[in-house]
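Fold and geometry: a report
Below are the chains, spelled out letter by letter.
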Amino acid sequence: MNLGRVVGTVVATRKENSLDGLRFMLVRHLDEKGKETGGQVVAVDAVGSGVGEVVLVATGSSARQTQVTDKKPCDAVIMAIVDSWDVGGKDAYRKSDDD
Amino acid sequence: MNLGRVVGTVVATRKENSLDGLRFMLVRHLDEKGKETGGQVVAVDAVGSGVGEVVLVATGSSARQTQVTDKKPCDAVIMAIVDSWDVGGKDAYRKSDDD
Amino acid sequence: MNLGRVVGTVVATRKENSLDGLRFMLVRHLDEKGKETGGQVVAVDAVGSGVGEVVLVATGSSARQTQVTDKKPCDAVIMAIVDSWDVGGKDAYRKSDDD
Amino acid sequence: MNLGRVVGTVVATRKENSLDGLRFMLVRHLDEKGKETGGQVVAVDAVGSGVGEVVLVATGSSARQTQVTDKKPCDAVIMAIVDSWDVGGKDAYRKSDDD
Amino acid sequence: MNLGRVVGTVVATRKENSLDGLRFMLVRHLDEKGKETGGQVVAVDAVGSGVGEVVLVATGSSARQTQVTDKKPCDAVIMAIVDSWDVGGKDAYRKSDDD
């Protein structure tokens with residue numbers, strides 16, 4: 001999985017039928033310090049995430065292993081909202097500091 | 001999924017039989033501001049997209065989860081046409097401005 | 001899929017049994033103008049392609065969705081030979097000019 | 001698989017239900033000399049690894065081929081803890097030197 | 001598939017049970033001239049390869065399509081030992097010159 005921050009939403013009226021009702025989120029990748037790396041992905045939201053939240057994104061066939069994405073043409077899914085992580089025993093990110 | 005802009009079409013007469021009748025589109029990747037990143041992919045069109053449109057492309061096995069690509073040697077599919085997206089609450093792209 | 005040009009063949013006598021009889025082609029990736037990007041892949045030929053031809057390569061599990069690659073340890077397949085493509089309505093590549 | 005070093009843990013209370021009880025580890029990629037490459041991944045732990053250990057990470061659908069990750073939206077798993085490796089017949093890494 | 005050279009072996013005593021008995025090889029990627037590109041992967045050996053040999057590596061789900069890797073958390077497999085390849089009709093690599 002990659003760490004990322006939700007920065008916006010993507011609207012697409014015309015799409016494969018099976019995708020109706022899904023939310024497409026624009027997610028910017030984060031490094032281990034919580035800084036944006038320059039990369040991004042559009043991921044389907046499976047956990048009720050919102051703009052500004054730090055999340056985990058699973059890609060590939062694993063992105064279809066949620067209730068909302070099963071058997072759909074979706075290659076990236078937000079499957080967790082991150083509360084915190086540490087590096088070398090020290091807090092690198094904690095939700096209350098940041099969001 | 002990746003954001004991209006359809007810039008052209010690819011013609012291939014000789015191909016695996018299962019691919020007959022599919023449309024192959026040349027798609028340039030876009031960043032969160034809608035600028036080309038330099039990357040590209042050839043994707044099968046599943047939603048009636050045309051040159052100039054901004055689209056979402058799903059890759060890998062997820063590219064086979066549409067009616068037109070099921071069980072075919074296709075690793076990238078256009079599964080949505082993008083109307084708009086926002087970053088930090090502001091419009092980053094809107095179809096009527098651009099296409 | 002990626003655009004590529006077949007530049008050579010790879011010979012491998014000792015291999016997983018299921019791969020006997022397959023042709024392994026060395027393919028250099030091309031950009032939207034038909035220039036080599038520096039990347040490459042070894043792909044199994046499923047369409048009778050030859051050295052010098054411009055082709056489409058599908059990767060990942062989609063590379064196993066041809067008659068010759070089904071259920072084999074193959075992660076890249078040439079599934080189409082490209083006749084032409086255009087960018088912005090102008091020819092970017094046409095087979096007769098080039099090969 | 002990639003070589004990596006576990007540098008921390010990621011906490012995510014709100015997540016896809018099937019992921020409850022899994023441990024998410026922040027893993028920094030290592031090159032053949034054991035130096036960090038700058039890349040990273042968040043991987044589920046399947047082997048009881050801890051911070052500081054050098055591990056192997058499998059990605060994609062293969063990340064779901066363990067008892068703890070089966071059928072879950074997980075695209076990276078720690079499936080082995082590395083004791084040592086050699087390059088050209090000489091030790092490049094050995095656990096007792098380092099951890 | 002990628003061209004690579006086996007440069008060493010990785011020892012991992014503690015691992016997912018299904019991986020017992022497999023050999024993990026450190027493989028450095030090669031370009032079309034046979035020079036190392038800087039990239040690497042740890043791959044399971046399915047064909048009896050040894051250090052110094054030039055090989056083909058298949059990744060992703062295709063890495064599980066061999067007898068030794070079936071249904072295992074393995075995302076890269078050595079499925080062929082390369083004898084030679086040519087570029088533009090000239091030998092680029094031949095085993096007897098090199099190994």
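Residues numbered from 1 in each chain as written. Chains lettered and ligands numbered in written order. Predicted model: local features only at pLDDT ≥ 70, side-chain atom pairs only at ≥ 80, totals over all residues. Heavy atoms only, no water.

1. So, the overall build of chain A
As a reminder, the rule being used: The way it works is that DSSP assigns letters per residue, a run of H or I at least four long becomes a helix, a run of E at least two long becomes a strand, and they are numbered from the N terminus. Between the two quantities, the radius of gyration covers C-alpha atoms and the globule rule is 2.2 Å times the number of residues to the power 0.38. Burial here depends on accessible area, computed with a 1.4 Å probe over protein chains only, as a share of the maximum for the residue type. Under 20% is buried, over 50% is exposed, and the range in between is partly exposed. Any two residues having at least one pair of non-hydrogen atoms within 4.5 Å are treated as being in contact. For accessible areas, the Shrake-Rupley method is used with a probe of radius 1.4 Å. Any residue's cover is judged against the shown protein chains and nothing else. Only four residue types enter the charge count: Lys and Arg as positive, Asp and Glu as negative, with His and the chain ends excluded. To locate a charge, take NZ of a lysine, CZ of an arginine, CG of an aspartate or CD of a glutamate.
The helix and strand inventory of chain A stands at one helix and eight strands. Seen in sequence order, chain A has helices and strands lined up from the N terminus as β-β-β-β-β-β-β-β-α. In terms of overall dimensions, chain A is globule-like: its C-alpha atoms have a radius of gyration of 14 Å, near the 13 Å expected for 99 residues. Taken over 99 residues, chain A has a buried fraction of 59%. Sequence-distant contacts, at least 24 apart, represent 50% of the contacts inside chain A between residues at least 6 apart. Total accessible area on chain A stands at roughly 3900 Å², and carbon and sulfur atoms take up 43% of it. Averaging the coordinates of the 13 positive side-chain charges in chain A and doing the same for the 15 negative ones gives two points 4 Å apart.

2. Observations regarding the relation of the copies chain B and chain A
Using the following cut-off: Superposition of the copies used a least-squares fit over C-alpha atoms from residues whose pLDDT is at least 70 in both.
Overlaying chain B on chain A yields an RMSD of 0.0 Å, the required transformation being a rotation through 72 degrees with an accompanying axial translation of 0.0 Å. Interpreted geometrically, this transformation is the action of a five-fold axis. When the interface residues of chain B are mapped onto chain A, a mere 3% of them again fall at the interface, so the copies present different faces.

3. Digging into the interface of chain A and chain D
Cut-off, in case you're wondering: What gets called buried area is simply the loss in accessible area from a 1.4 Å probe that two parts show on being joined, summed for both. Salt bridge, as used here: a side-chain nitrogen of Lys or Arg that lies within 4 Å of a carboxyl oxygen of Asp or Glu.
Taken together, the contacts link 30 residues of chain A with 28 residues of chain D. At the boundary of chain A with chain D, total buried surface from both sides reaches about 2200 Å², with 48% on carbon and sulfur atoms. Across the contact surface, chain A and chain D share two salt bridges. In this structure, E53 of chain A and R14 of chain D form a salt bridge, with 3.7 Å as the shortest nitrogen-oxygen distance. Among the elements of the structure, β1 (2-11), β5 (54-59), β6 (76-81) and β7 (84-87) of chain A are those that each provide at least two residues to the side of chain A that touches chain D.

4. Side note on the pairing of strand β6 (residues 76-81) of chain E
The criterion, for reference: DSSP bridges decide pairing: two strands pair if at least two such bridges lie between them.
Across the six residues that make up β6 of chain E, a large majority, six, are buried. By the bridge criterion, two bridges tie strand β2 (residues 14-15) of chain C to β6 of chain E in an arrangement that is antiparallel. Following the sheet pairing, K15 of chain C is matched in β6 of chain E by A80 of chain E. For strand β4 (residues 36-45) of chain E and β6 of chain E, the ladder comprises two bridges, and the chain directions are parallel. Paired with D45 of chain E across the strands is I78 of chain E, a residue of β6 of chain E. Where strand β5 (residues 54-59) of chain E meets β6 of chain E, five bridges bridge the pair, whose relative direction is antiparallel. Across the sheet, V57 of chain E pairs through a bridge with I78 of chain E, a residue of β6 of chain E.

5. Description of the environment of E53 of chain C
All names here are of chain C. Selection rule: Between N or O atoms, a polar contact is any pair within 3.5 Å; within protein, one atom must be a potential hydrogen donor and the other a potential acceptor, and residues adjacent in sequence are included only when both atoms are from side chains.
By secondary structure assignment, the location of E53 is in the loop between β4 (36-45) and β5 (54-59). Overall, the relative accessible area of 10% leaves E53 in the buried class. Distance from E53 to V7, taken between C-alpha atoms, is 8.2 Å for residues 46 residues apart in sequence. Of the polar contacts made by the side chain of E53, one reaches the side chain of K95; its length is 2.8 Å.

6. Details of the interface of chain B and chain A
The condition is simple: Gly is placed with the polar residues, together with every amino acid not listed as nonpolar (Ala, Val, Leu, Ile, Met, Phe, Trp, Tyr, Cys and Pro) or charged (Asp, Glu, Lys and Arg).
Across the boundary between the two partners, chain B contributes 30 residues, which contact 28 residues of chain A. Summing both sides of the interface, chain B and chain A together bury roughly 2200 Å²; the carbon and sulfur share of this comes to 47%. At the junction of chain B and chain A, the tally comes to two salt bridges. When the shortest N-O distance is used, the salt bridge between R28 of chain A and E32 of chain B registers 2.8 Å. Counting across the interface, chain B meets chain A through 18 residue pairs in polar contact (both at pLDDT 80 or more). Where the side of chain B that touches chain A is concerned, the elements lending two or more residues are β1 (2-11), β5 (54-59), β6 (76-81) and β7 (84-87) of chain B. In terms of residue class, the side of chain B that touches chain A is made up of 14 nonpolar, 11 polar and five charged.

7. Focus on the relation of the copies chain A and chain D
Between chain A and chain D, the superposition needs a rotation of 72 degrees and an axial shift of 0.0 Å, giving an RMSD of 0.0 Å. An asymmetric contact is evident, with only 3% of the interface residues of chain A recurring at the interface of chain D.

8. With respect to the pattern of salt bridges
Scanning the entire structure with this criterion turns up 35 salt bridges over all chains. In this structure, E36 of chain A engages R28 of chain A in a salt bridge whose closest nitrogen and oxygen atoms are separated by 3.0 Å. Of the residues examined, E36 of chain A reaches a relative accessible area of 40% and is grouped as partly exposed. Note that D20 of chain D and K15 of chain D form a salt bridge whose closest N and O atoms lie 3.9 Å from each other. Beyond isolated ion pairs, a larger network of salt bridges with shared partners links R14 of chain A together with E53 and K95 of chain B.

9. Let's talk about the pairing of strand β7 (residues 84-87) of chain D
All names here are of chain D. Where β7 lies against strand β8 (residues 90-94), four bridges are found, and the strand directions are antiparallel. The residue of β8 that forms the bridge with W85 is Y93. Counted between consecutive antiparallel strands, the loop separating β7 from β8 contains two residues, among which G88 sits at a positive phi close to 60 degrees.

10. Thoughts on the side chain of T66 of chain C
Tracing the chain through its elements places T66 of chain C in the loop between β5 and β6 (76-81). There is a polar contact of 2.6 Å between the side chain of T66 of chain C and the side chain of T69 of chain C. In contact with T66 of chain C, not counting residues within four places along its chain, are E16 and P73 of chain B together with A46 and V77 of chain C.

Remember that the coordinates give geometry; whether it matters functionally is a separate question.
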